[in-house]
Amino acid sequence: MGYRVVVAGATGNVGREMLNILAERQFPVDEIAALASRRSLGTEVSFGDKTLKTQDIDTFDFTGWDIALFAIGSDATKKYAPISAKAGCVVIDNSSLYRYDPDVPLIVPECNADAIHGYSKKNIIANPNCSTAQMVVALKPLHDRARIKRVVVSTYQSVSGAGKEGMDELWDQTKAVYNPVTDVPPAKFQKQIAFNVIPQIDVFMEDGSTKEEWKMMVETKKILDPSIKVTATCVRVPVFVGHSESINIEFEDHLDEDEARDILREAPGIMVIDKREPGGYVSPIECVGDYATFISRIRQDSTIDNGLNLWCVSDNLRKGAALNAVQIAEVLGREVLKKG
Ligand SMILES: NC(=O)c1ccc[n+]([C@@H]2O[C@H](COP(=O)([O-])OP(=O)(O)OC[C@H]3O[C@@H](n4cnc5c(N)ncnc54)[C@H](OP(=O)(O)O)[C@@H]3O)[C@@H](O)[C@H]2O)c1
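Starting from 1, residues in each chain are numbered consecutively following that chain's sequence as written. Where totals are concerned, whole chains, interfaces and linings use all residues; where local detail is concerned, this predicted model gives features only for residues with pLDDT of at least 70, and gives and counts side-chain atom pairs only at 80 or more. As a rule here, side-chain values come from all non-hydrogen atoms in the structure, and water together with hydrogens is ignored.

Q: It is not clear to me how the overall build of the chain should be interpreted in this structure. Could you clarify?
A: Per the convention used, a helix needs a DSSP run of H or I reaching at least four residues, while a strand needs a run of E reaching at least two, with both numbered from the N terminus. Counting its secondary structure elements, the chain contains nine helices and 14 strands. If you line up the chain on its principal axes, its C-alpha atoms span 60 × 55 × 40 Å. Three labels apply to residues, based on accessible area from a 1.4 Å probe with only protein chains included: buried if under 20% of the type maximum, exposed if over 50%, partly exposed otherwise in between. The buried share of the chain, taken over its 340 residues, is 54%. Roughly 15200 Å² of accessible area belongs to the chain as shown, and the carbon and sulfur atoms make up 50% of that amount. Exposure was quantified through the Shrake-Rupley algorithm and a 1.4 Å probe, taking into account, for residues, occlusion by the shown protein chains and nothing else.

Set out below in structure tokens:
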């Protein structure tokens, strides 16, 4: 016997990837429901070699369903996640709504799968921000070895992190640069994204940081260790899929770059591609469709006592969202629900 699984937001960037990954990883599904807003009623989406017709979440009855993977944004999640949870269908949510709730575990299975048992307080589990997810996968094995004191990270985040509208805006603006008859003013982003970079993701906080930067700091503490200090600068770049991060790490203990490379090579979810030659590293376009978090450019930071620099790239729709959510569902199944 397998699971009755709901994918909410099945017409979106993350929801479509959730369906792909459930099928790819042969998650034990007995029945699957694809939900979105009423706008998408009847829209067809793929699940392996099957086609599903999208249902309206507003009229869907969650009773008798086991797991609901949510990717519908915070506002809709606020309305529908409690309905699912109350009906006994465990929500694994991709929005930021529940991430900072002490009664909701925030999980990256490579880092803190044990936190799964906290799900029962609300019947909800949170998935982290895409930039946090790939970073903590890289930090965890290094922290276990040499205790991280401080992380300085700059991100280069793709437009798919802003949903399908973000991808359309880059596409339309790029075409408009070559064919200036049509004007495509910024809508999803604050400035033109085509042939540009924008040092703002999400809203500004009082201290001058953006909410995305704040999320990376708070989520890293919740997932890995509250003692780790994180300072981030998050930047949107004209890349369709794949987030990149330049990460500088200061440790309590000395960690040699060769040992760090060996540790990362052995760590779950990581692929090290680190040749010190032209092209001997991974760029975002090469990680699209992959499960791994790719680490390159591992090198000592000689300006501090115990420092390392590295380059970290991953498919934000996969490890940053859909893959991580499916991995959480796998842990939930294995450790708690025990069907399939
Ligand atoms: N993209 C990423 O890298 C990433 C990473 C981590 C987390 N997330 C989070 O995942 C969520 C989805 O992101 P996305 O990139 O997939 O966005 P998207 O491509 O814009 O898709 C949004 C999905 O939500 C559905 N939706 C919107 N409003 C709804 C409502 N009122 N009721 C029911 N369904 C509704 C849409 O359905 P319709 O087609 O019917 O409008 C669509 O299926 C967001 O919370 C986002 O923050 C995204």
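Q: Would you mind going over the environment of Val 203 with me for this structure?
A: Residue placement: Val 203 occurs in the loop between α5 (163-178) and α6 (211-223). The exposure class assigned to Val 203 is partly exposed, which follows from its relative accessible area of 48%. For the pair Val 203 and Ser 314, spaced 111 residues apart in the sequence, the C-alpha separation amounts to 24 Å.

Q: Could you clarify how one ought to interpret the site of the ligand in this entry?
A: In these notes, residues near a molecule or strand are those with any non-hydrogen atom within 4 Å of it. Looking at the ligand, there are 27 residues lining it, with Thr 11, Val 14, Ser 37, Arg 39 and Ser 40 nearest. Within the side chain of Thr 11, an N or O atom sits 2.6 Å from an oxygen atom of the ligand. Asn 13 is positioned with one of its backbone polar atoms (N or O) 2.9 Å from an oxygen atom of the ligand. When the ligand is considered free in solution it has 900 Å² of accessible area, and contact with the protein chains removes 81% of it. The cavity where the ligand resides is the largest pocket. Among the secondary structure elements, those contributing two or more residues to the shell around the ligand are α1 (13-24), α2 (73-86), α5 and α9 (318-337). No other element matches α2, which puts three residues into the shell around the ligand. In this count, Pro and Cys sit with the nonpolar residues alongside Ala, Val, Leu, Ile, Met, Phe, Trp and Tyr, while Asp, Glu, Lys and Arg are called charged and the others, Gly among them, polar. Of the residues assigned to the shell around the ligand, the class counts are 11 nonpolar, 14 polar and two charged. Distance and chemistry together define a polar contact, namely a pair of N or O atoms within 3.5 Å, with one atom able to donate a hydrogen and the other to accept it when in protein, and with adjacent residues in sequence counting only for side-chain atoms on both sides. Think of a 1 Å grid over just the protein atoms. A cavity is a set of points where a 1.4 Å probe fits yet cannot get out, a pocket is an open set with protein on both sides within 12 Å along at least five of seven lines, and lining residues have an atom within 4 Å of a point. Whether a molecule sits in a cavity or pocket is decided by its atoms, more than half of which must lie within 2 Å of the grid points.

Q: What is the right way to look at the sheet that holds strand β13 (residues 293-300) in this model?
A: Note on sheets: strands pair through backbone hydrogen bonds, and any given pair is parallel or antiparallel. Strands qualify as paired when DSSP identifies two bridges or more between them. Across the sheet, which stays open at both edges, the six strands sit in the order β10-β9-β11-β14-β13-β12 with mixed pairing between neighbours. Each edge of the open sheet is held by one strand with a lone partner, namely β10 (229-236) and β12 (270-272). Ignoring which end each strand starts from, the neighbouring axes of this sheet average 20° apart. Pairing of strand β9 (residues 148-157) with β10 involves eight bridges; the strand directions are parallel. To define axes, lines are fitted to C-alpha atoms, for helices over the stretch in contact only, and angles between the resulting N-to-C directions are given on a 0 to 180 degree scale.

Q: Teacher, can you tell me more about α6 here?
A: Two residues of an α-helix separated by three or four positions point the same way, owing to the 3.6 residues in each turn. In a regular helix each residue adds 1.5 Å, so 13 residues correspond to 18 Å; α6 covers 18 Å between its end C-alpha atoms and thus fits that length. Taken together, the buried positions of α6 are occupied by Glu 212, Glu 213, Lys 215, Met 216, Glu 219, Thr 220 and Ile 223. Buried residues in α6, looked at end-on, bunch into an arc of 155°, giving them a common side. The contact definition used throughout considers only heavy atoms, calling two residues in contact when any of these lie within 4.5 Å. Lining the buried residues of α6 we find α3 (109-112), α4 (130-146), β9, β10 and β11 (243-251). Given the number of residues in a helix, its expected span is that number minus one, multiplied by 1.5 Å. Directions pointing from the helix axis toward each C-beta atom define the arc.

Q: So what exactly am I meant to see when it comes to a nonpolar patch on the surface here?
A: On the surface, Val 177, Tyr 178 and Phe 195 cluster together into a nonpolar patch covering about 370 Å² of accessible area. By the secondary structure assignment, Phe 195 is in the loop between α5 and α6. By relative accessible area, which is 55% here, Phe 195 ends up exposed. Without a salt bridge and with relative accessible area above 30%, a residue can belong to a patch; like charges are then joined within 9 Å and nonpolar side chains (Val, Leu, Ile, Met, Phe, Trp, Tyr) within 5 Å. Basic side-chain nitrogens of Lys or Arg form a salt bridge, by our definition, when they fall within 4 Å of a carboxyl oxygen of Asp or Glu.

Purely geometric numbers; function is a separate question.
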